[in-house]
Amino acid sequence: IPLADFMVGSASAWNQGNANQWYLRENYLALYLQDAWKITPRLTVNYGIRWEPYQAPYAKYGWVAHFDPTLFAENVHSSVYLKAPAGLIFPGDSLYPSGNAPSNSKYNNWDPRIGLVWDPQGNGRMTIRAAYGMFGDRQIFQGFSAFTASPPYGDNITLANVNLSNPWGTYPGGNPFPLPSGPNATFPLAGGYRTDPFNPRPTYMNQWNLSIQRQLSANWLVTANYIGNNTVHLVTAAQLNPAVFLGLGPCTINGTNYSVCSTTANTNQRRVLYLQNPSQGQYYAGVNQLDDGGSANYNGLLLSTQRRLSHGVSALANYTWSHCISDVWDPNVGTGNAQSIPGNRRQFRGNCQTGDQRQVFNLSLVAQTPAFSNRTLRLIASGWQFSPIMKIRSAQFFSVTTGVDGALTGQPTETPNLVSGVSPYVTNRACSPAPCLQWITPAAFSAPTPGTYGNLGLWNIKGPGVFQLDMALSRTFPVWEKKSIQFRAEAFNLPNHLNPAVPLATTNSGAFGQIQGDISGNSGLTAGDPRIIQVALKFLF
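Procedures and definitions
- Residues numbered from 1 in each chain as written.
- Predicted model: local features only at pLDDT ≥ 70, side-chain atom pairs only at ≥ 80, totals over all residues.
- Heavy atoms only, no water.
- 1 Å grid on protein atoms, 1.4 Å probe; cavity = no way out; pocket = protein on both sides within 12 Å on 5 of 7 lines; lining within 4 Å.
- Points joined across faces, edges and corners; volume = space filled by probe spheres on them.
- Helix = DSSP H or I, 4+ residues; strand = E, 2+ residues; numbered from the N terminus.
- Nonpolar A, V, L, I, M, F, W, Y, C, P; charged D, E, K, R; others polar.
- Buried < 20%, exposed > 50% of the residue type's maximum accessible area, 1.4 Å probe, protein only.
- Contact = heavy atoms within 4.5 Å.
- Phe/Tyr/Trp six-rings, centres within 6.5 Å; stacked < 30°, edge-to-face > 60°.
- Pairing = 2+ DSSP bridges.
- Salt bridge = Lys/Arg side-chain N within 4 Å of Asp/Glu carboxyl O.
- Core = buried A, V, L, I, M, F, W, Y, C linked by side-chain atoms within 4.5 Å.
- Disulfide = S-S within 2.5 Å.
- pLDDT = per-residue confidence, 0-100.
- Polar contact = N/O pair within 3.5 Å; in protein donor to acceptor, adjacent residues only side chain to side chain.

### Here we look at the layout of surface pockets
Size it by volume and the second largest pocket reaches roughly 580 Å³. Lining the second largest pocket are 26 residues; nearest its centre among them are Leu159, Thr170, Pro172, Ala265 and Gln269. Sorting the residues of the lining of the second largest pocket by element identifies β10 (157–163) and β15 (256–258) as the ones contributing at least two each. Here the element with the most residues in the lining of the second largest pocket is β10; it accounts for five residues. For the lining of the second largest pocket, the class distribution of residues is 13 nonpolar, 13 polar and no charged.

Shown next, in the form of structure tokens:
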């Protein structure tokens, strides 16, 4: 298990590089036109268009690179860095078209939008709203720093299956750091790289909604909303240089005999580029390419009711029922390995990794005691305000992974097989009374055959839900003109209900399937989220 490996100094992967420095800049410019047209007294249309060009970030000192498999196959080398391996080109090379940027800018980006408001009865008690719009997005700026982690700038080197006592013991020539820079900079073996297409398609989202509001009385308002969107050209990553599974029998690779052909120890020797051209492929480990072909969609129903302040009581309640489906979002891309399976982005398509909360209910209430006519009651009981807030959320989704490279392709995110007919959940998952140590069972998962991937996707196992009730009690006491004192007491998680985090879900861990703590960050397994009570006096002027 990982802890035992750590204690004996055995690491499945080792990554080291120079301190990388990045000096990226990005310009942003957008223009829009909009108009409102009141077609009839009861129907209004808003429409417009936005011009939002994608201006690629650029490196002040040209610290970016591009890898092209075709140039690698043709043994084309850079004229900027004379010792660079085949397939790599840099700003200043004749084949590099993007200046000091990793890709070209795109100026022909137009985002239309339209919305309408209709009063079907003409009395202002009911409205129907509908809208559609396109909205552009950009990559996470920090993600571009991966370029300066690649040789010859940061010189990230990735090794597999090393011992921490001497991780460079099997590396030709030993520890290569620090590495020289400049046109004659050396390029290390097994370097990790990020590369972008020269003409990536910027991410954009289509959004649409339909809303019906109805005032039932002077104080009650109900609303039903349908909200939908789909994301196009979602940023993910594709591994261009995965290791190839060559079976478990003996073999010879580039003159070296292996009793077992496919192991984690010879991952870099089984990579696509090494098998294609060992003299040049030895300089590459993972080569991550930005993949703009991802997509996602979201559909949700939002119901809400609101009571305006009347007789000292106001309330707001809403319920959301929704579902989000997505390819793996991999915004940082990185230099080592992608999250998606090489050559099969759709394999891990499933619940959105951050936004798939199927059911959410919220209730907030404000109740104020009346002004009693009796002097004693007025002094003791009048003016108190109770403000409870209740939140209920359905299951948090999480992923089960193997924690090992069972496919022997250098892929870090691998899932097990889900055993047919066996529920992944234990029979009793109740967390009240605590503890609820075990959530999923190892019997429902099996290791894939070596050289293959599991049939389980990502973010599709249900974890615990969330329940939280907070309460505030306050009263304001006038002291003299324009001055008062407010007494306020607040309790968070008033019933001290346990809200556990998702369980540990790496199948090669001895704690597999066990709840590790709660969403507040506490590590105790038997204690709930702590009941926090705050009492304060505020002077109001």
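### Describing the environment of Pro424
As for its placement among the helices and strands, Pro424 is situated in the loop between β22 (417–418) and β23 (445–446). Using a relative accessible area of 12% as the deciding quantity, one classes Pro424 as buried. Distance in space between the C-alpha atoms of Pro424 and Pro442 is 7.6 Å, their sequence separation being 18 residues. Residues within four places of Pro424 in sequence aside, it is in contact with Leu418, Trp439, Ile440, Thr441, Ala444, Phe445 and Ile461.

### Here we look at the side chain of Asp119
Looking at the element boundaries, Asp119 is found in the loop between β8 (110–118) and β9 (126–136). Other than its neighbours up to four places away in sequence, Asp119 contacts Arg42, Gly124 and Met126.

### Brief notes about empty space enclosed by the protein
Taken as a whole, this structure holds three cavities of 30 Å³ or more when the rule is applied. Here the largest cavity defines a volume of roughly 80 Å³. Surrounding the largest cavity, Tyr54, Asp137, Arg138, Gln139, Pro200, Arg201, Pro202, Thr203, Val235, Leu290 and Asp292 form its lining.

### So, the packing of aromatic side chains
This model, assessed by the stated rule, comprises 18 aromatic pairs. Judged by centre distance (5.7 Å) and plane angle (80°), the ring pair of Tyr23 and Tyr61 falls under edge-to-face. A residue pair is termed long-range when its members are at least 10 positions apart, and Tyr23 in the loop between β1 (10–16) and β2 (24–25) and Tyr61 in the loop between β5 (58–59) and β6 (66–67) qualify at 38 residues. Since its relative accessible area comes to 35%, Tyr23 is described here as partly exposed.

### A look at the pairing of strand β3 (residues 31–40)
By the bridge criterion, nine bridges tie β3 to strand β4 (residues 43–51) in an arrangement that is antiparallel. By the bridge assignment for β4, Leu31 is matched with Trp51. Count of turn residues in the β3/β4 antiparallel hairpin: two residues.

### Considering the pattern of salt bridges
Counted by the stated rule, this structure contains nine salt bridges. Between Arg138 and Glu26 there is a salt bridge, and its shortest N-O distance comes to 3.0 Å. Placement of Arg138 in the loop between β9 and β10 and of Glu26 in the loop between β2 and β3 is noted, with a sequence separation of 112 residues between them. In this structure Glu26 comes out as partly exposed when scored by relative accessible area, which is 29%. Put simply, Arg345 and Asp291 hold a salt bridge, and the shortest N to O gap is 2.9 Å. Of this pair, Arg345 sits in the loop between β17 (313–326) and β18 (350–351) while Asp291 sits in strand β16 (residues 284–310), and the two are 54 residues apart along the sequence. Arg345 gets classed as partly exposed once you look at its relative accessible area, which sits at 24%. When salt bridges with common partners are traced through the structure, they connect Asp327, Arg346 and Arg349 into a single cluster.

### As for the nonpolar core
By size, the foremost hydrophobic cluster in this structure holds 15 residues, and its most contacted members are Phe67, Tyr81, Leu88, Phe90, Phe187 and Tyr284. Every residue in contact with Phe187, bar those within four places of it in the chain, is listed here: Tyr81, Lys83, Ala84, Pro85, Leu88, Phe90, Pro151, Pro152, Tyr193 and Tyr283. In terms of nonpolar packing, the next biggest core, distinct from the first, is built from 12 residues, Leu24, Ala56, Val64 and Leu71 among them.

### Quick look at the state of the cysteines
Two cysteines, two sulfur atoms, one covalent bond between them: this is a disulfide. Using the criterion set out here, one finds two disulfides in the structure. Across the disulfide from Cys251 sits Cys261; the S-S distance is 1.9 Å. Measuring the twist about the S-S bond at about 85°, one finds the Cys251-Cys261 disulfide to be right-handed. Here Cys251, found in strand β14 (residues 251–253), pairs with Cys261, found in the loop between β15 and α3 (272–276); they are 10 residues apart in sequence, far enough to count as distant. For Cys251, a relative accessible area of 18% corresponds to the buried category. Each sulfur of the disulfide joining Cys324 and Cys352 lies 1.9 Å from the other. In this structure the cystine formed by Cys324 and Cys352 twists about its S-S bond by roughly -70°; its chirality is therefore left-handed. A residue pair is termed long-range when its members are at least 10 positions apart, and Cys324 in strand β17 and Cys352 in the loop between β18 and β19 (359–368) qualify at 28 residues. The same class applies to Cys324 and to Cys352, which are both buried.

### Considering the confidence of the model for the protein
When pLDDT is averaged across the protein, the result is 86; 91% of the residues are at 70 or more. Overall, residues 517–529 carries pLDDT values under 50, and its contacts beyond four positions in sequence, including any with other chains, amount to 40 contacts.

### A look at the side chain of Asp196
Among the secondary structure elements, Asp196 is positioned in the loop between β11 (191–195) and β12 (204–215). The class of Asp196 is buried, set by a relative accessible area of 1%. A distance of 2.9 Å separates a polar atom in the side chain of Asp196 from a polar atom in the side chain of Arg194. Asp196 has contacts with His66, Pro102, Gln139, Phe144, Phe147 and Leu290, leaving out every residue within four places of it along the chain.

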